[in-house]
4 protein chains.
Amino acid sequence: MIKFGIVGLGRIGKVHLLNVQRFCDNAQIVAACPVHSEHLDFLQTQGVTEHFDSFDEMLELADIDAVIIASPTAFHFEHIVKAARAKKHIFCEKPIDLNFEKVNEIVSIVETSGIKFMLGFNRRFDPHVMQLKASVKAGKAGAARVLKISSRDPAPPPVEFVKHSGGLFLDMSIHDFDMSRYLVGSEVKEVIAHGAVFGDLPLQDYDDIDTAVITLIFENGCMVQIDNSRYNSYGYDQRIEYFGEKGSISTQNLKENEVLIADKDGYHTARAKHFFIERYEESYRNIMIDFVNHLDRGSSPTVTANDGLKALKIALAVKQSFKEKRAVQL
Amino acid sequence: MIKFGIVGLGRIGKVHLLNVQRFCDNAQIVAACPVHSEHLDFLQTQGVTEHFDSFDEMLELADIDAVIIASPTAFHFEHIVKAARAKKHIFCEKPIDLNFEKVNEIVSIVETSGIKFMLGFNRRFDPHVMQLKASVKAGKAGAARVLKISSRDPAPPPVEFVKHSGGLFLDMSIHDFDMSRYLVGSEVKEVIAHGAVFGDLPLQDYDDIDTAVITLIFENGCMVQIDNSRYNSYGYDQRIEYFGEKGSISTQNLKENEVLIADKDGYHTARAKHFFIERYEESYRNIMIDFVNHLDRGSSPTVTANDGLKALKIALAVKQSFKEKRAVQL
Amino acid sequence: MIKFGIVGLGRIGKVHLLNVQRFCDNAQIVAACPVHSEHLDFLQTQGVTEHFDSFDEMLELADIDAVIIASPTAFHFEHIVKAARAKKHIFCEKPIDLNFEKVNEIVSIVETSGIKFMLGFNRRFDPHVMQLKASVKAGKAGAARVLKISSRDPAPPPVEFVKHSGGLFLDMSIHDFDMSRYLVGSEVKEVIAHGAVFGDLPLQDYDDIDTAVITLIFENGCMVQIDNSRYNSYGYDQRIEYFGEKGSISTQNLKENEVLIADKDGYHTARAKHFFIERYEESYRNIMIDFVNHLDRGSSPTVTANDGLKALKIALAVKQSFKEKRAVQL
Amino acid sequence: MIKFGIVGLGRIGKVHLLNVQRFCDNAQIVAACPVHSEHLDFLQTQGVTEHFDSFDEMLELADIDAVIIASPTAFHFEHIVKAARAKKHIFCEKPIDLNFEKVNEIVSIVETSGIKFMLGFNRRFDPHVMQLKASVKAGKAGAARVLKISSRDPAPPPVEFVKHSGGLFLDMSIHDFDMSRYLVGSEVKEVIAHGAVFGDLPLQDYDDIDTAVITLIFENGCMVQIDNSRYNSYGYDQRIEYFGEKGSISTQNLKENEVLIADKDGYHTARAKHFFIERYEESYRNIMIDFVNHLDRGSSPTVTANDGLKALKIALAVKQSFKEKRAVQL
């Protein structure tokens, strides 16, 4: 039985906690921090009995093999460094950090520490993405020529979050950059991006945008077109199309239900699932099961700190392209 | 060049006339009857120069090889008999007649006359039905087990039409009986039907119904479920599913257009095409091209008077089943 | 915290057990019977610590408020009677029994015992069926005219199971009868059924069939067409269409994944989910949460023993119709 | 009755000729040039009786009101100039010319000549595009934010054609540039393009590519992503998505038929319609009917020489962007 401590009990922290308790028979979260009074009921129901005020205390006092880092991004660097030093295995929510040098440092620390590290690029573990990847590997579409991603949120985050998020490219598009690398199987050599503020939130005040179109050119020749929006009326739009020599493979949106209504106005189906918690529910479960299985078997998780570094490198280049209004080489 | 005369210039007559003039390079309609003043512009535009008051006159005076019979059903018997006697090939709109003995007589007359005869079961020439049939023949679904047909009109015909139509089973379901025979490749041995009047039109006053569910049992074991309605809010619903040992093959409804709208209420597409004129536009074209090609080559049309007789036999048994509230053997 | 005992640790028993442990925060399974050595690991992992050889022992010795009856059908009657006598609330897998009088007796026993009783007609709790029902109630399609259900299993059960199952109508179609009552909101007055053996399993030797078409006529006039098959090549086919005055509402099949491949042969998507465990995963979770919530609130579960009785009554009439080759009035 | 002469009897010339003869009751093609022996049967069947060796002769001798120019692109300029001088109305296949100055000259000539001129951007008359445009105008998606177009041919044209085509951007993408202008309702201010040769045809030898991704930034802020390919395995891929404040409106591909096969490998439908002749059949009919109606009413066609000029301007900027590997301002 692998024992976990978790830092951060916000929305995504709770998702990870429930997934370990419910679906990982060979693992259990036994410790949490920082614990406030509003967490007590939840932790009790889930059998998490060791409560700490700080990550340091938890690392020192709890009987744990691994940590789940679901704290705010600004703390990730510190928490990873400390956990690695304490020889705890790490599951860390994305991003590792918004600063390239700090992430680079984490890559080294993780590599030399001997611990297992998994970065939370959960979409790789979505069953539909997994099937898309499997079909790509099986050669169903042949070599990659064009990859198209539409990734649109139902609503923007609060301004307070935006300020510290690194902006749309580092916060939101970064998932699409990881997807692109994962599916194209090559590295980016050139990027160009355009963006705009269309919605009510005055994102320009924070040097940010709510809508973007991005082109990535990969070393193997594949050309990637991404569009992102913070405002999507019909739910969380998450579509990927891989176009190759022999055909096209795409993931469709999942809808809230599969009921079809036909009436005098035509045919109607439900909206796309609302947001990432609903749409990627299975991916969060799968990535945690995968991480626990790696710990169990002593094998290495497949989403590394280096994957975080490479996605960040693309995001920073895209941000630069947008600001300098020109293509940027990596 | 095959020369045609046409009797009947109503809605379906015009469809056939235009299809010959536009799409049959080796045929032309040169004569029409009965011609009234309101037809003159249309006939002139389409180059139909010989006009007659009666079918007899047309048969006698026009220089024609074949006739298209698109007159009211009550005249079909007489027109077929006369055309066969005059050795004109015949394309006849369905049904031949509502009376079994009279249709049986037509079968004999056609067989002994040496003329070519095609019955207008146009759905067999719908490209989607043709592909369904081709997939069935190619064994894509294996042997037939269950066939399901939903066939629903957007609105009932006028009461005046209903009175003389033979009722829902003979007027509307008969297409589905022909489809069943065509796709199952066997003959019906037992039928049972239920029906009701749900809509505003007082069809019960004419011993008729607006909604029915019908089961046909075929000699080869295949079981067919048909549902019919005179009131369908979303257009002309025309779906067929052939379920066999190896899978299922179905035709989907055609929509008015292929535009997809996604908004806060979900996803929306257009209604099904409105009615048979729109839905089966291609089938009307194809059946006429096919008939003309048969005449051209001297081969025999594939939809015979006997097909009309067999479909009628099923329809009459179904009607009896509904009235006597019991299964009827054929 | 509501404490449960469970009888029966087969496939469906395990589904219910996991759903209580994982998803019902206010309930826990603490006792199980009959426990064999092969169950020990599973029970330990799930924290079920009280193990018994028999249902009697469990009822007597375990500290429980309610039981989940997932034993073979032949034991349901006995287990319900004993649990009711012991004043334990009951969640019982379908069917209650294959014998009408015994189920009728259970209805009385449950009604007079004062316990809460929920029958496992899980499909009512499928999110897609729930949305279909909600749309029906909201009047999106108007009053019911025709209901169509296709319900086809991927493969037949073992012969040994078939022998004691009551046959296709009592074992398999009964779900569709419950669905029909649930969605139409009326009671059946007449049924007629046809059936055949198409597959390799010699079901005729056990007076059974593998394929059926069934018509149900409801008191409110709605006509229902059901088709069932034990052999469906593309997974578990579960489609319902409710057709009414204002339109049509249907549930589509859920696929194994939402990946779309386009290649030189056309467009391809995954099969339907394999079978009930996969297709109705959410319904099993939801029905158990619902039952626990009823216990918690002291309210009455919505799927009653009487619902089981009424579905059985339809099934027995359908079986009679098939055997006697005639319509049967209820 | 409007009388037409046509120049060019290749594939697209024949499409236009048939559409006038079949579907325009108020127009007729009476003259054609240059007529060779292999055209005689076709022209006779269609009732085109005046045959000429050259465009000059046809303009001088034929009794015509208007011309359809379906000659090779290299002759368009000359034919337009001569027809305008002869005061014949003009329907001209796209493109007017590959040279910006020459097209600009045509714009002036057409404007001062007083004739009616329609450029063959037929896609605007596709019923699905028309419905998309109507939905956009009705505000179904709100103001434009992102427009996505996938436009992929089933196979590249012969090398001999490619050499004189102006390359992928001027020959193929130009339709997408016109679509973008038409749907966004604004003018392009910046473009950037990337391209590659992936297929067997050595297009690089002709300074051409077979695959491209293009970004257009419009003055109203809308960002457009286009991808083009000369090699598409599943037919002619023609998808447009208009994404705006209130939702998304898209046109789906039309398939060769609407048959759905479900078998052990999943669900299968037909390929997309093969190429432009099949996919845009209705658009060719509609644009000709529209042109004839404008002549009949004396109103001005909606696709002007200026539309050709503006699309060409975008195409030339895109070509420059590709060659100079940088964003280009218009």
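Remember, predicted model here, so these are calculated numbers, not experimental data.

**Q** Hey, could you run me through the sheet that holds strand β5 (residues 89-92) of chain A in this one?
**A** Backbone-to-backbone hydrogen bonds join strands into a sheet, with any given pair of strands oriented parallel or antiparallel. Residue and element names in this part refer to chain A. Pairing is parallel in the open sheet, where six strands are placed in the order β3-β2-β1-β4-β5-β6. Edge positions in the sheet fall to β3 (50-51) and β6 (117-119), since each has one partner strand and no second. Pairing of β5 with β6 involves three bridges; the strand directions are parallel. In the sheet register, Ile 90 faces β6, and the bridge partner there is Phe 117.

**Q** Just to check I follow, could you spell out the state of the cysteines for this structure?
**A** Throughout this description, disulfide means a covalent bond between two cysteine sulfur atoms. What the rule picks out here adds up to zero disulfides over all chains. Here D:Cys33 stays free of any disulfide, with the sulfur of D:Cys92 as its closest cysteine sulfur at 13 Å.

**Q** Can you help me understand the interface of chain A and chain D in this one?
**A** If you look at the interface, chain A gives 37 residues, while chain D gives 38 residues. Both faces combined, the contact of chain A with chain D buries some 2,800 Å², and carbon together with sulfur accounts for 60% of it. It is A:Arg145, A:Phe198 and A:Met223 in chain A that bury the most area against chain D; as a group they hold 21% of the surface buried on that side. Linking chain A with chain D are six salt bridges, by the criterion used here. Note that D:Arg239 is salt-bridged to A:Glu241, the shortest N-O span being 3.1 Å. Here chain A and chain D share 16 residue pairs in polar contact (both at pLDDT 80 or more) between them. Every element with two or more residues in the side of chain A that touches chain D is listed here: β7 (144-152), β8 (188-196), β9 (211-218), β10 (223-229), β11 (237-244) and β12 (247-251) of chain A. Broken down by element, the residue count for the side of chain A that touches chain D peaks at seven residues, all from β7(A). Of the residues assigned to the side of chain A that touches chain D, the class counts are 15 nonpolar, 13 polar and nine charged.

**Q** Looking at this model, I keep getting lost on the pattern of salt bridges. Mind explaining?
**A** Any two side chains of opposite charge can pair if their charged atoms end up close together. Following the criterion strictly, the structure yields 96 salt bridges over all chains and no others. A salt bridge links B:Lys102 to B:Asp97; the shortest N-O distance between them is 3.6 Å. Judged by relative accessible area, B:Asp97 falls into the buried class, the value being 9%. Put simply, C:Arg181 and C:Glu187 hold a salt bridge, and the shortest N to O gap is 2.9 Å.

**Q** How should the pairing of strand β1 (residues 2-7) of chain A be read in this particular structure?
**A** Residues and elements named next belong to chain A. For β1, the buried fraction is high: five of the six residues fall into the buried class. As judged from the six bridges shared by β1 and strand β2 (residues 27-33), these two strands associate in the parallel manner. Across the sheet, residue Ile 2 finds its bridge partner in β2, namely Ala 27. With helix α1 (residues 11-23) bridging β1 and its parallel neighbour β2, the resulting β-α-β unit is right-handed. Pairing of β1 with strand β4 (residues 66-69) involves four bridges; the strand directions are parallel. Within β4, the position partnered with Gly 5 by the bridge is Val 67.

**Q** Is there a simple way to think about the relation of the copies chain A and chain D in this case?
**A** Think of it as a corkscrew move, a rotation about one axis and a shift along it, taking one chain copy to the other. With an RMSD of 0.0 Å, chain A superimposes on chain D once it is rotated by 180° and translated 0.0 Å along the axis. The transformation just described matches what one would write down for a two-fold rotation axis. Interface residue correspondence from chain A to chain D reaches 100%, placing this contact among same-surface, isologous pairings.

Each value, and the rule that gives it
Residues numbered from 1 in each chain as written. Chains lettered and ligands numbered in written order. Predicted model: local features only at pLDDT ≥ 70, side-chain atom pairs only at ≥ 80, totals over all residues. Heavy atoms only, no water. Pairing = 2+ DSSP bridges. Helix = DSSP H or I, 4+ residues; strand = E, 2+ residues; numbered from the N terminus. Disulfide = S-S within 2.5 Å. Contact = heavy atoms within 4.5 Å. Buried area = accessible area lost by both parts, 1.4 Å probe. Salt bridge = Lys/Arg side-chain N within 4 Å of Asp/Glu carboxyl O. Polar contact = N/O pair within 3.5 Å; in protein donor to acceptor, adjacent residues only side chain to side chain. Nonpolar A, V, L, I, M, F, W, Y, C, P; charged D, E, K, R; others polar. Buried < 20%, exposed > 50% of the residue type's maximum accessible area, 1.4 Å probe, protein only. Right-handed = clockwise from strand over helix to strand, strands pointing away. Least-squares fit on C-alpha atoms with pLDDT ≥ 70 in both.

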